[in-house]
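Chain by chain, the residues:
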Amino acid sequence: MNSRLEQSVVLKVVPEKRTHAYLILDRTIFHPKGGGQPSDRGLIRSAEYEIVVKKAIYHNGIIIHWGKLSRGTPMEGEATCEIDWAYRYLIMRRHTSAHLLDHCLAEVTSRRIQTTDSWLDEPCYVGYAGARPDTPTLRKVEGLANKMIGAGGQVKIEFLNLEEAKALLQNAPNYERLPDLPEIRTVTIEDCSPIPCGGTHVSDLTEIGKVSIERAEQMPNESFRLHFSVGASASST
Ligand SMILES: [Zn+2]
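Residues numbered from 1 in each chain as written. Predicted model: local features only at pLDDT ≥ 70, side-chain atom pairs only at ≥ 80, totals over all residues. Heavy atoms only, no water.

S.K.: Just checking my understanding: could you explain a nonpolar patch on the surface for this structure?
M.R.: Residues Val14, Tyr22 and Ile57 make up a contiguous nonpolar surface patch of about 210 Å² in total accessible area. By the secondary structure assignment, Val14 is in strand β1 (residues 5–16). (Patch = residues over 30% accessible without salt bridge, like charges linked within 9 Å, V, L, I, M, F, W, Y side chains within 5 Å. Areas by Shrake-Rupley, 256 points an atom, 1.4 Å probe, with all protein chains shown as cover. Salt bridge = Lys/Arg side-chain N within 4 Å of Asp/Glu carboxyl O. Helix = DSSP H or I, 4+ residues; strand = E, 2+ residues; numbered from the N terminus.)

In structure tokens form, the structure reads like this:
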């Protein structure tokens with residue numbers, strides 16, 4: 001499981017209006033916004049100051065932290081980073097659920113599915129190409145997902161080179177959006193096909209607890225969004 005606290009070195013501080021600041025660290029536990037996953041939030045602090053981190057932004061290969069000063073003045077040097085673990089864990093559970101819903105939708109409809117976008121904060125949804133499925137189909141998708149959560153299954157992270165990725169991931173729901181990187185990070189839920197993804201996930205399906213499909217929203221451009229939520233998890237602390 002990911003750590004919630006980390007010692008880092010603040011390499012650069014750019015103040016904003018005396019109340020906020022941008023910080024660059026030598027390393028970070030803050031996951032930036034990207035691929036439908038919202039940014040981590042939390043604290044960066046030392047004996048002299050504390051910043052409430054609102055956003056971590058990936059820009060030109062660097063993660064920039066932006067937040068509000070709650071004490072003192074930020075400066076370069078050693079600092080403690082703390083992410084809001086309850087929020088991160090919720091996002092991990094939602095993110096893994098989104099991949100599971102991809103799999104279950106493909107299984108229930110017996111066709112290759114294509115994701116268009118997703119957002120894992122509020123509102124929480126995954127977007128798919130095509131017409132909105134009917135309610136009985138959605139209930140089957142939800143039922144299969146919860147059956148798999150109940151049975152449990154490992155969630156593995158692996159890295160493939162671009163050629164391997166292009167060969168192995170052709171049925172992935174986001175294949176059309178495969179990044180042009182030398183190394184592709186994949187997430188594989190046990191008994192499911194690998195999916196290229198750079199986000200954070202739980203390590204076993206049982207951690208999700210339960211997934212509920214709230215509604216399917218037909219979008220104007222021949223696509224639809226599955227809005228979903230995750231229920232209580234026994235290991236959320
Ligand atoms: Zn993912």
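S.K.: What should I look at first to understand the environment of Ser203 in this one?
M.R.: Along the chain, Ser203 turns up in the loop between β11 (195–196) and β12 (211–219). The spatial distance from the C-alpha of Ser203 to the C-alpha of Cys124 is 21 Å, given a sequence separation of 79 residues. Not counting residues within four places of it along the chain, the set of residues in contact with Ser203 comprises Gly153, Gln154 and Val155. Only 3.0 Å separates the side chain of Ser203 from the side chain of Glu207, close enough to count as a polar contact. (Contact = heavy atoms within 4.5 Å. Polar contact = N/O pair within 3.5 Å; in protein donor to acceptor, adjacent residues only side chain to side chain.)

S.K.: Is there a simple way to think about the packing of aromatic side chains in this case?
M.R.: In this description, an aromatic ring pair is defined by two values, namely the gap between the centres and the angle between the planes. Evaluation of the coordinates by the stated rule reveals 2 aromatic pairs. Look at Trp85 and Tyr89: their rings are 5.9 Å apart centre to centre, the planes differ by 25°, and that puts the pair in the stacked class. In this pair, Trp85 and Tyr89 are both assigned in helix α1 (residues 85–109), 4 residues apart and thus about one turn of the helix distant. Each member of the pair, Trp85 together with Tyr89, is buried. Geometry around Tyr87 places Arg41 over its ring, the cationic atom sitting 3.6 Å from the centre. (Phe/Tyr/Trp six-rings, centres within 6.5 Å; stacked < 30°, edge-to-face > 60°. Buried < 20%, exposed > 50% of the residue type's maximum accessible area, 1.4 Å probe, protein only. Lys NZ or Arg CZ within 6 Å of the ring centre and 35° of its normal.)

S.K.: Just to check I follow, could you spell out the pattern of salt bridges for this structure?
M.R.: Oppositely charged side chains can form a pair if their charged atoms are brought close together. Across all of its chains, the model carries 8 salt bridges by this definition. In this structure, Arg94 engages Glu122 in a salt bridge whose closest nitrogen and oxygen atoms are separated by 2.8 Å. Linking Arg94 in helix α1 with Glu122 in the loop between β7 (115–119) and β8 (125–129), this pair joins segments that are 28 residues apart in sequence. Arg94 sits in the buried class, given a relative accessible area of 9%. The exposed category is assigned to Glu122, whose relative accessible area is 54%. The partner of Asp117 in a salt bridge is Arg225, and the shortest N-O contact between them spans 3.5 Å. Of this pair, Asp117 sits in strand β7 while Arg225 sits in strand β13 (residues 223–230); the two residues are 108 residues apart in sequence, bridging distant segments of the chain.

S.K.: Just checking my understanding: could you explain the packing of α1 against helix α2 (residues 135–151) for this structure?
M.R.: Any two packed helices are characterised by how steeply their axes cross, that is the angle between the axes, and by the distance between the axes. Where α1 contacts α2, the axes come no closer than 9 Å and their chain directions differ by 125°. Between α1 and α2, the angle falls in the class oblique. As α1 runs across α2, the sense of the crossing is right-handed. The residues of α2 that touch α1, namely those facing Leu100, Leu101, His103, Cys104, Leu105, Glu107, Val108 and Thr109, are Thr137, Lys140, Val141, Leu144, Ala145, Met148 and Ile149. (Axes fitted to C-alpha atoms, helices over the stretch in contact; angles between N-to-C directions. Parallel < 35°, antiparallel > 145°, perpendicular 65-115°, else oblique. Left-handed = near helix turned anticlockwise from the far one by under 90°.)

S.K.: Quick question: what am I supposed to make of α1 here?
M.R.: For the α-helix, the turn length of 3.6 residues means that residues three or four positions removed from each other point alike. Compared with the 36 Å implied by 1.5 Å per residue over 25 residues, the 36 Å span of α1 between its first and last C-alpha is a close match. Counted residue by residue, α1 has 19 buried out of 25 residues, so it is predominantly covered. Capping of α1 at its N-terminal end is provided by Asp84; its side-chain oxygen lies 3.4 Å from the backbone amide nitrogen of Ala86. Just downstream of α1 lies Ser110, where phi reads positive at about 50°. (Expected span 1.5 Å × (residues − 1).)

S.K.: Would you explain the environment of Ile149 in this entry?
M.R.: Residue position: Ile149 is located in helix α2. Accessibility expressed as a relative area gives 2% for Ile149, which makes it buried. Aside from chain neighbours lying at most four places away, what touches Ile149 is Leu100, Leu205, Thr206, Ile208, Gly209, Lys210 and Val211.

S.K.: Hey, could you run me through the sheet that holds β8 in this one?
M.R.: Sheet strands associate in pairs through backbone hydrogen bonding, adopting either a parallel or an antiparallel arrangement. Here we have 4 strands laid out as an open sheet, ordered β7-β8-β13-β12, and antiparallel in their pairing. Single-partner strands in this sheet number two, and they are β7 and β12. Put simply, the sheet's adjacent strands are angled 20° from each other on average, direction ignored. The sheet contact formed by β7 and β8 spans 4 bridges and is antiparallel. (Pairing = 2+ DSSP bridges.)

S.K.: Please clarify how the coordination of the zinc ion should be interpreted in this entry.
M.R.: Six octahedral donors at a metal ideally form angles of 90 or 180 degrees, and four tetrahedral donors ideally form angles of 109.5 degrees. Coordination of the zinc ion by the protein is provided by His95 (NE2), His99 (NE2), Cys197 (SG) and His201 (NE2), with metal-donor distances spanning 2.0 to 2.2 Å. Geometry at the zinc ion is tetrahedral, judged from its 4 donor atoms and the angles of 96 to 125° they form at the metal. All donor residues of the zinc ion come from one chain, and their arrangement in sequence is H-x3-H-x97-C-x3-H. Of this pair, His95 sits in helix α1 while His201 sits in the loop between β11 and β12, placing them 106 residues apart in sequence. (Donors = N, O, S within 2.8 Å, 3.2 Å for Na, K, Ca; no water. Tetrahedral: all angles 85-135°; square planar, octahedral: opposite > 155°, others 65-115°.)

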